[in-house]
Amino acid sequence: MKKVLFATTALIATTGMAAAEVTFGGFGRFGLFYDEGNDSATTDELRIEQRFRLTATGTATSDNGLEFEGRIRFQTDDQSSGASNVANNSAAGFAVSTGGFRLDVGHVSDVIDSGDVVDYYGYGVGLTSFAEQSSAFNNVPASGFGTGTDDVAPTVKLRYTAGDFTVAASITDDSAAVATEASTGIAVGDTVNRSEYQIGFGYNFGNYSAGVAFGNEDTDVNGAGVAALDNDFWVISFGGEIGAFAFSILVGDSDINDETMYGLSAKYDVGAATEIRFAFSDSGLDAEDEVVAIGFRHSLGGGVSLRGGVGQNTSGNTIADLGVIFNF
């Protein structure tokens, strides 16, 4: 995302700050979205797809070279009927970095979602990236910076990069959250205590990269008579570029998923402005629980591109989209 739309430099208010800046950036997209499974009285198979995202980022650098960052996001999306909702905002995320170290705190990505060490999503297909190499993966937590109306559990992530080697660790603690919706064994008003940690390692060598991440998700429901959930999980990715061809492979597993999950995505540049994309994802549970799609991206210049794709989701329904996205 380019953050070049607008920037202001703040006057120095204290002697501890050497420079401060606020930037705005984001993207807009619109087009058509088709879902064979959305044939009901309240949803449409074919609808208008639209999203507008604006991210505000404030940065400052102290006299000793520490770089500080804070950001918040505003976003409006389409609804199942094709209408647009009122823009939601995000919780705040913060970071401080120096040299090869970076510490993220608050509403920030965990290790798997951040892409610091593993490529979890790969080359998404379509205007909306409705198909990714992890689309059929089950019970592998990957949470990141987004918008919504619910309270967001704070995450702390530490990353260190030395040359081609990266190590990262994160912990998310959502203690004493009150359930607002009933689910299996959980009633509205129950107190849910959830904690999660992730650790990962990544290495780049030439045109290729490899990474591994693993973690544990522990959930305990007080007063509901539900045994604590203790879910270990891991993912491994490998990818690279060979001329005009680029690929990414993902393998993962979790205690809750009975089989090993795997995915593949790739892109091929058919010209200076056009690329073909492919994505496949399999939960390993049965032959029907697969995601497969093919699509394209064509650059129109100036940060604008035409994108589209067609494929099948885990329910066996046909999915397709087509539209334009512009970055600013």
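Bear in mind that the values here come from a model prediction, so they are computed numbers and not experimental data.

Quick notes on the pattern of salt bridges
A full pass over the atoms with the stated rule returns 12 salt bridges. Among the ionic pairs, Asp104 bridges to Lys157, the shortest N-O distance being 3.6 Å. With Asp104 in strand E7 (residues 101-106) and Lys157 in strand E8 (residues 155-162), this pair connects stretches of sequence that are 53 residues apart. In this structure Asp104 comes out as buried when scored by relative accessible area, which is 7%. For the salt bridge of Glu275 with Arg277, the shortest nitrogen-to-oxygen distance reads 2.6 Å. Arg277 carries the same exposure label as Glu275, and that label is buried. Here the residues in one salt-bridge network are Glu69, Arg102, Asp104, Asp116, Lys157 and Arg159, joined through shared partners.

A few points about the side chain of Thr166
Looking at where Thr166 falls in the secondary structure, it is placed in strand E9 (residues 165-178). At 3.3 Å, the side chain of Thr166 and the side chain of Thr161 are in polar contact. Ignoring anything within four residues of it in the chain, the contact list for Thr166 reads Asp116, Val117, Arg159, Tyr160, Thr161, Gly200, Phe201 and Gly202.

Section: empty space enclosed by the protein
Over the atoms a probe the size of a water molecule is rolled, and this reveals where empty space is left. Inspection of the entire model under this criterion finds 1 cavity of 30 Å³ or more. Its boundaries defined by the atoms lining it, the largest cavity holds a volume of some 40 Å³. Counting residues per element, the ones that place at least two in the lining of the largest cavity are strand E4 (67-77), strand E6 (93-98) and E7. With 3 residues, E6 is the largest single contributor of residues to the lining of the largest cavity.

Structural notes on the pairing of strand E3 (residues 46-62)
Pairing of E3 with E4, which is carried by 11 bridges, proceeds in the antiparallel orientation. Considered in E4, the bridge of Phe52 is made with Thr76. Connecting E3 to the next strand, E4, in antiparallel fashion are 4 residues, including Gly65 with a positive phi near 95 degrees.

So, the packing of aromatic side chains
The final tally for this structure, using the stated rule, is 13 aromatic pairs. Centre to centre, the rings of Phe101 and Tyr160 are 4.4 Å apart; their planes meet at 40 degrees, and the pair counts as tilted. On the criterion of sequence distance, the pair formed by Phe101 in strand E7 and Tyr160 in strand E8 is long-range, its members being 59 residues apart. Since its relative accessible area comes to 33%, Tyr160 is described here as partly exposed. Aromatic pair Phe245 and Phe247: ring centres 6.2 Å apart, planes at 20 degrees, arrangement stacked. Using a relative accessible area of 12% as the deciding quantity, one classes Phe247 as buried.

Thresholds applied
- Within any chain, residue numbers begin from 1 and follow the written order of that chain's sequence.
- pLDDT decides what is reported in this predicted model: residues at 70 or higher carry local features, side-chain atom pairs at 80 or more are listed and counted, and totals for whole chains, interfaces and linings draw on all residues regardless.
- Just so you know, side-chain values use all the structure's heavy atoms and leave hydrogens and water out.
- Each salt bridge in this description consists of a side-chain nitrogen of Lys or Arg and a carboxyl oxygen of Asp or Glu lying within 4 Å of one another.
- Numbering goes from the N terminus for both helices and strands, where a helix is a DSSP run of H or I of at least four residues and a strand is a run of E of at least two.
- Buried, partly exposed and exposed residues are distinguished by accessible area as a fraction of the type maximum, computed with a 1.4 Å probe on protein chains only: under 20%, between the cut-offs, and over 50%, respectively.
- Here a polar contact means two N or O atoms within 3.5 Å. Within protein one must be a hydrogen donor candidate and the other an acceptor candidate, and residues neighboring in sequence count only if both atoms are side-chain atoms.
- Here, two residues are considered to be in contact whenever any of their heavy atoms come within 4.5 Å of each other.
- Note on definitions: the grid is 1 Å and covers protein atoms alone; a cavity is a set of points where a 1.4 Å probe fits but cannot get out; a pocket is an open set with protein on both sides within 12 Å along at least five of seven lines; lining residues have an atom within 4 Å of a point.
- Grid points are joined across faces, edges and corners, and a volume is the space filled by probe spheres set on the points.
- Whether two strands pair depends on DSSP finding at least two bridges between them.
- By convention, a stacked pair of Phe, Tyr or Trp rings (six-membered ring in the case of Trp) has centres within 6.5 Å and planes under 30 degrees apart, an edge-to-face pair has planes over 60 apart, and any other such pair is tilted.

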